[in-house]
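Fold and geometry: a report
Each chain, written out:
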Amino acid sequence: QVQLVESGGGLVQAGGPLRPSCAASGSTFGIAVMGWFRQAPGKQRELVALITRDGNTNYADSAKGRFTISRDNDKNAVYLQMNSLKLEDTAVYYCNCIQFGVNSWGQGTQVTVSA
């Protein structure tokens, strides 16, 4: 079973950057897709960005042009460079991976954007 641990969340002023990271450990063989989701208070969890092992990416419309997802297959890690952060980006950000068709989730890292 794979374990995902996020880090790098925090408090940032609007317009600033933040770069959360996620590291996978345990049985990491066969991880096909890694990505980030987020959940704001009172809202459903939503996709932010995904990246395949080959580096193909998919972004939510809200992330396009501001966020960049990247992946280090050797380290089994995924990163989310977030620029030009907005108040509405405030949420718990969850790391996700798909391994042999099975979804796994991290515990989440809080990102708070202040005015």
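Scoring rules and cut-offs
- Residues numbered from 1 in each chain as written.
- Predicted model: local features only at pLDDT ≥ 70, side-chain atom pairs only at ≥ 80, totals over all residues.
- Heavy atoms only, no water.
- Buried < 20%, exposed > 50% of the residue type's maximum accessible area, 1.4 Å probe, protein only.
- Helix = DSSP H or I, 4+ residues; strand = E, 2+ residues; numbered from the N terminus.
- Pairing = 2+ DSSP bridges.
- Phe/Tyr/Trp six-rings, centres within 6.5 Å; stacked < 30°, edge-to-face > 60°.
- Salt bridge = Lys/Arg side-chain N within 4 Å of Asp/Glu carboxyl O.

Turning our eyes to something else, we now look at the pairing of strand E4 (residues 31–39). A large share of E4 lies buried, amounting to seven of its nine residues. Here eight bridges tie E4 to strand E9 (residues 91–99), and the two strands are oriented antiparallel to one another. Bridge assignment links Gln39 to a residue of E9, and that residue is Val92. Here six bridges tie E4 to strand E5 (residues 46–52), and the two strands are oriented antiparallel to one another. The residue bridging Val33 from the neighbouring strand is Thr52, located in E5. Two successive antiparallel strands, E4 and E5, enclose a turn made up of six residues, where Gly42 displays a positive phi of approximately 80°.

What follows is about the packing of aromatic side chains. For the structure on display, the rule yields two aromatic pairs. Residues Phe29 and Phe100 carry aromatic rings whose centres are separated by 6.1 Å and whose planes lie at 45° to one another, so their mutual orientation is tilted. In this pair, Phe29 is assigned in the loop between strand E3 (21–26) and E4 and Phe100 in the loop between E9 and strand E10 (102–105), connecting sequence segments 71 residues apart. Aromatic pair Phe37 and Trp105: ring centres 5.0 Å apart, planes at 70°, arrangement edge-to-face.

Next up on the list: the pattern of salt bridges. Applying the stated criterion to the full structure yields four salt bridges. The shortest N-O distance in the salt bridge between Lys64 and Asp61 comes to 3.2 Å. Exposure remark for Asp61: the relative accessible area of 63% places this residue in the exposed category. The shortest N-O distance in the salt bridge between Asp89 and Arg66 comes to 2.7 Å. In this pair, Asp89 sits in the loop between strand E8 (77–82) and E9 while Arg66 sits in the loop between strand E6 (57–59) and strand E7 (67–72), placing the two residues 23 residues apart along the sequence. By relative accessible area, which is 0% here, Asp89 ends up buried. Several salt bridges share partner residues, and in doing so they unite Arg38, Glu46, Arg66 and Asp89 into one network.

With a phi angle near 50°, Asn76 is a residue other than glycine that sits in the positive phi range. Mapped onto the secondary structure, Asn76 falls in the loop between E7 and E8. Residue Asn76 is classed as buried on the basis of its relative accessible area of 19%. Of note in this structure, Phe100 is not a glycine but carries a positive phi near 50°. Under the relative-accessibility criterion, Phe100 is labelled exposed at 62%.

Moving on, we get to the pairing of E9. Among the nine residues of E9, seven are classified as buried, and the element is accordingly described as predominantly covered. As paired strands, E9 and strand E11 (residues 109–114) are joined by three bridges and run antiparallel to one another. Residue pairing across strands places Tyr93 opposite Thr109, the latter belonging to E11. In this structure, E9 lies alongside E10, joined through four bridges in antiparallel fashion. Paired with Gln99 across the bridge in E10 is Val102. The antiparallel hairpin formed by E9 and E10 contains two residues in its connecting segment, where Phe100 sits at a positive phi of about 50°.

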